[in-house]
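Structural overview
Each chain is listed here by its residues.
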Amino acid sequence: MIKKVRRPPAEPAVSGAAISIGRRRLTLEIGPLLESQWTGIPVFTRRLVESLVRSGRVDLSFCFNLAEIPAPKVLAAISQGTGSFLRQAFEEHAHEMNRMVDISCPILYPSVKTAFGACASEASTIHDISTLVMPENHEEANVAYHTDNLRRELATDNMVFCVSEATKAALETYFPSVIGKTSILYQFADWPEAFPLMERNLPRIAIGRYAIVIGTIEPRKNLSVILRALALPEVEKSDLKFVVIGRVGWLVDQLLEEMTPQQRERLIFSGFVSEFTKYRLIAGAEFMVYPSLYEGFGIPAVEALSLGKPVLAARTSSFPEVIGRAGLYFDPLSASDFAAALVEMESPAKIRELSALAEPQSRQFGWQRMAQPVLDWLDES
Amino acid sequence: MFPTGLVVSLPSREMRAMILPGALFQIADLAGQPLSGTLRAALRLLDETCRDAGQRLLLIARPEIFIHGDSRAWLMQQLDGIGHHLNLSDGSTIQLVAGLRNHLFFYNPGLCRNMTAFERFVGRAPEVPAQIGMQINTAFTFSIGQSLYAPQPLLLQTKNLFPPGEAEYRIFYLNPNSVADSIARIEAAPRITAEYVNGFTDITYIPFTDTAASDASFCRLVVKHILAAGQLPKGMLILGAPLAQEKRDTFSEMMSVLLAGLIRCGAVLPRAALPNVLITSSLLDEDVFARADRRCRLVMHETFEFWRCPRRYYERFETLCVAGRPGGRHDRLAIIDLLAEACGRVPDILSVEEEQKASMRRRVLDD
């Protein structure tokens, strides 16, 4: 007997309304949201979805590898803050529930593009080109994933979104053929509204004075400059600790193994923490230290700024653009330059001066600014 | 050559083990840093070149991080008018500095992993080579779509052999079933002295590179030389083990690379110590070839770092031969010009694939 499989009706667009005049259609590839723990690109994707929904000017549909994913499931995952259930539902019910995307509709990839030239109009997002210009800091599989098809990706894009001017400049230097079809897609920091209240009801974190460092622990994050500076007299005599948030990544085993007891006293590794714990740790810090050699954007810096914390950052890539005057900068390869900047940053007057600039700087980046370039592209498509 | 001075970017893979004073530094700051021999030689060459021309030389680590806005402005301020950037590339990437004239020195194609990485990189980012003004000591061509692009080759050559120092000699013995056994027996054999070499008047010298050892056609050519060496009572074949890449690399490890290449190529060699064949640990000094009663022949693989030897070095050889694969990345005429300039005369270019075909034809005719 042939069993009839009932195909569910097509899910409505996010807005819940039929396609309306003046609204543009867009398919958003949400592969990053299928991950369980959202950091980095999944969070960027989540913010992009929310920005476009808030704009009210797009009829959004979602897909993964050109298979449509019902909008309510995506929005449910966003409210849950994890892609675990979304991935499970996608894998278990793909054969009976999923439909192919409408290829006449423009498609936007928030990260690496997976299908080339499949849709009428295509855009992808370049976060950074570190896998191309500093491959030694990545595992080979990661380099291949990001760079093997980059050429094809760019060639088939009608629009290439770059997460910062620095990323745009880097991309255009290495792929001049993209000049003229790039646009900046800045993201922003957003904390759940309940966090300040929740924080207020808890005791202060009992670590003493500390600076916060955020990011997966890997060579590009350049923790070694802090370790080297700890041996310098001006840093050694300070009682400031460094709380490092982030999981242990790749190619850093040796660095961690070789840490001295003195260094271990000054560096506290929290591992991966929840958003709320991260919020608490940033809020309790004197300032943020961001020693990375290279970042596409550097969202932790904006998160710190949004909580009034200035940033002591490497003078590289996107940092001056993102942090502006609310921070101090140092040469990321010079421990003595870092030490000098750290001493300056520790001065109460300097912290006060920069803290006043921090929150206004973070407001440069908001959901409207994130949505606008996508809307502009859709208007032109 | 670089009238407004030169900033040289270093390969990041080698820099991982270095502790630098900052992103910009002087060549003297590299004293005592763990550099490979080839990188050290390349830096010495650039230092010599700039000093001779009275031009400024500055080194930079990670130029890619100063790409935009304030960080780029800071870099430009530090460069203070330097208009040329030379990337010392290990093949894993090619660094560009926007706004400067970019040049490339792919300093060690003799290391197989570098060559593989280089091919992969230019495949991934084909628009990069088109932005290269000059290529130092290579004559590569690149394609972008249907177009071919060849940066201007520029010869930079050392005035003195680097590294100087006495080469060690070992007997040649190959157990085709075991590199380890071959090395053990070579190491156990009595050491060969330079006096032993003095007894021979007809010397063929074949310095290997790691890439040459993985080139089966080249290895088969070497096997022919090994077999031929035994036929001449005064003939001596000296095989140069690939040069050590890291400080920890030992002569035994470098000999292993050479022997493994010969085994992999599938040719048959007698399992015996051959009195007319030796292996040596480093580039042989020109004095070895300087004796008036000697006829010397040099056979180089196309990836041999010819720029590490001065022109007078090549003058010692009666015959110069470069073996390579046709259709490789080098432009044939341009590389011949470059080698002719380096050697003081046009070397014989031996296409190893053609050599193989010729050898097969001869065999068929003989049969």
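Residues numbered from 1 in each chain as written. Chains lettered and ligands numbered in written order. Predicted model: local features only at pLDDT ≥ 70, side-chain atom pairs only at ≥ 80, totals over all residues. Heavy atoms only, no water.

Digging into the overall build of chain B
Along its length, chain B carries 12 helices and 16 strands. In terms of C-alpha radius of gyration, chain B reaches 22 Å, essentially the compact-globule figure of 21 Å for 367 residues. Summarising its shape, the C-alpha atoms of chain B cover approximately 70 × 45 × 40 Å along the three principal directions. Counting across all 367 residues of chain B, residues that qualify as buried make up 57%. Restricting to contacts in chain B with at least 6 residues of sequence separation, those with at least 24 account for 71%. Split by element, the accessible area of chain B, about 15000 Å² in all, is 52% carbon and sulfur. Averaging the positions of the 39 positive and the 39 negative side-chain charges in chain B gives two centres separated by 3 Å. (Helix = DSSP H or I, 4+ residues; strand = E, 2+ residues; numbered from the N terminus. Rg over C-alpha atoms; globule rule 2.2 N^0.38 Å. Buried < 20%, exposed > 50% of the residue type's maximum accessible area, 1.4 Å probe, protein only. Contact = heavy atoms within 4.5 Å. Areas by Shrake-Rupley, 256 points an atom, 1.4 Å probe, with all protein chains shown as cover. Lys, Arg positive; Asp, Glu negative; His and termini not counted. Charge placed at Lys NZ, Arg CZ, Asp CG, Glu CD.)

Focus on the side chain of E14 of chain B
Residue and element names in this part refer to chain B. Residue position: E14 is located in helix 1 (residues 12-15). The buried charged residue E14 lacks any salt bridge, with R113 as its nearest oppositely charged partner at 6.4 Å. There is a polar contact of 2.7 Å between the side chain of E14 and the side chain of S36. Those residues within four positions of E14 in sequence are excluded, and the remaining contacts are P34, L35, S36, L39 and Y107. (Salt bridge = Lys/Arg side-chain N within 4 Å of Asp/Glu carboxyl O. Polar contact = N/O pair within 3.5 Å; in protein donor to acceptor, adjacent residues only side chain to side chain.)

What to know about the sheet that holds strand 8 (residues 210-214) of chain A
Residues and elements named next belong to chain A. Spatially, the 6 strands line up as an open sheet ordered 10-9-8-11-12-13, and their pairing is parallel. The open sheet is flanked by strand 10 (267-271) and strand 13 (327-330), the only strands paired with a single partner. Averaged over neighbouring strand pairs, the angle between their axes works out to 25° when direction is ignored. When strand 8 meets strand 11 (residues 287-290), the two strands line up parallel, connected through 2 bridges. The residue of strand 11 that forms the bridge with I212 is M288. The strands touched by helix 13 (residues 275-284) within the sheet are strand 8 and strand 9 (241-245), with strand 8 carrying the most contacts at an inclination of about 140°. The sheet contacts of helix 16 (residues 335-346) involve strand 9, strand 11, strand 12 (311-314) and strand 13, and relative to strand 13 the element is tilted by about 165°. (Pairing = 2+ DSSP bridges. Axes fitted to C-alpha atoms, helices over the stretch in contact; angles between N-to-C directions.)

So, the interface of chain B and chain A
Tallying the contact residues gives 33 residues for chain B and 34 residues for chain A. Together, the buried faces of chain B and chain A total about 2800 Å²; carbon and sulfur atoms form 58% of this surface. At the surface where chain B touches chain A, the tally comes to 4 salt bridges. One salt bridge in this structure joins E136 of chain A and R62 of chain B, with 2.7 Å as the shortest N-O distance. For the pair chain B and chain A, the interface holds 13 residue pairs in polar contact (both at pLDDT 80 or more). (Buried area = accessible area lost by both parts, 1.4 Å probe.)

Comments concerning the domain arrangement of chain B
Residues and elements named next belong to chain B. For chain B, the domain assignment lists domain 1 (6-154) and domain 2 (169-366). Computed from C-alpha coordinates alone, the two centres of domain 1 and domain 2 are separated by 30 Å. Every contact between the two is made by 26 residues of domain 1 and, on the other side, 19 residues of domain 2. Surface buried jointly by domain 1 and domain 2 totals about 2000 Å² across both partners, of which 56% is contributed by carbon and sulfur atoms. (Domains from an automatic or database assignment.)

Topic: the packing of aromatic side chains
Residues and elements named next belong to chain B. Applying the stated rule across the entire model yields 26 aromatic pairs over all chains. Their ring planes at 50° and their centres at 6.2 Å tell us that F106 and F140 sit as a pair that is tilted. Highlighted residues: F106 in strand 5 (residues 101-106) and F140 in the loop between strand 6 (132-136) and strand 7 (142-144), separated in sequence by 34 residues. Given a relative accessible area of 2%, F140 falls into the buried group. An angle of 65° between the planes, with centres 5.4 Å apart, marks the rings of Y196 and F200 as edge-to-face. For Y196, a relative accessible area of 32% translates into the label partly exposed. Overall, F200 belongs to the buried group, its relative accessible area being 8%. Taken together, the aromatic side chains of Y205, F289, Y313, Y314 and F317 make up a single cluster linked through ring pairs. (Phe/Tyr/Trp six-rings, centres within 6.5 Å; stacked < 30°, edge-to-face > 60°.)

So, empty space enclosed by the protein
All names here are of chain B. Taken as a whole and assessed by the stated rule, the structure comprises 6 cavities of 30 Å³ or more. The volume enclosed by the largest cavity comes to roughly 70 Å³. Taken together, 13 residues make up the lining of the largest cavity; nearest its centre are P109, N137, T138, F304 and F306. Grouping the constituent residues of the lining of the largest cavity by class yields 7 nonpolar, 4 polar and 2 charged. (1 Å grid on protein atoms, 1.4 Å probe; cavity = no way out; pocket = protein on both sides within 12 Å on 5 of 7 lines; lining within 4 Å. Points joined across faces, edges and corners; volume = space filled by probe spheres on them. Nonpolar A, V, L, I, M, F, W, Y, C, P; charged D, E, K, R; others polar.)

Notes on the pattern of salt bridges
Inspection of every chain in the model, using the stated rule, returns 43 salt bridges over all chains. Between E140 of chain A and R120 of chain B there is a salt bridge, and its shortest N-O distance comes to 3.6 Å. Taken as a pair, E140 of chain A in helix 5 (residues 140-147) and R120 of chain B in helix 4 (residues 112-124) lie in two separate chains rather than in one. E140 of chain A gets classed as partly exposed once you look at its relative accessible area, which sits at 42%.

Here's the deal with the sheet that holds strand 9 (residues 152-154) of chain B
All names here are of chain B. Spatially, the 7 strands line up as an open sheet ordered 2-3-1-4-5-6-9, and their pairing is mixed. The open sheet terminates on both sides in strands that have one partner only, identified here as strand 2 (24-25) and strand 9. Of the strand pairs in this sheet, strand 5 and strand 6 are connected by 2 bridges, and their pairing is parallel. Across the sheet, residue N102 finds its bridge partner in strand 6, namely I132.

Some points on the environment of M76 of chain B
All names here are of chain B. Inspection of the secondary structure assignment puts M76 in helix 3 (residues 69-79). By relative accessible area, M76 is classed as partly exposed at 27%. Separated by 10 residues in the primary sequence, M76 and F66 place their C-alpha atoms 9.1 Å from one another. Not counting the four nearest positions on each side in its chain, M76 is found in contact with G81, V97, A98 and L100.

Quick notes on the side chain of S292 of chain A
Residue and element names in this part refer to chain A. Here S292 lies in the loop between strand 11 and helix 14 (299-306). Look at S292 and you get buried, because its relative accessible area is 1%. If we skip the residues at most four places from it in the chain, S292 touches R220, K221, N222, A314, T316, F319 and P332.

Notes on unusual backbone geometry
All names here are of chain B. We note that D80 has phi near 50°; this positive angle belongs to a residue other than glycine. Topologically, D80 is positioned in the loop between helix 3 and strand 4 (84-89). The exposed category is assigned to D80, whose relative accessible area is 54%. Phi is positive for N137, close to 65°, though the residue is something other than glycine.

Some words on the environment of E253 of chain B
All names here are of chain B. The residue E253 is located in helix 9 (residues 251-264) in this model. On the basis of relative accessible area, E253 is assigned to the partly exposed category, the value being 40%. Considered as a pair, E253 and L161 are 92 residues apart in the sequence and their alpha carbons are 23 Å apart.

Considering helix 5 (residues 179-188) of chain B
All names here are of chain B. Turning to helix 5, its buried residues are D181, S182, I183 and I186. Packing partners of the buried residues in helix 5 comprise strand 10 (169-172), helix 9 and strand 13 (274-280). The opening residue of helix 5, the one whose side-chain oxygen lies 3.4 Å from the backbone nitrogen of A180, is S178.

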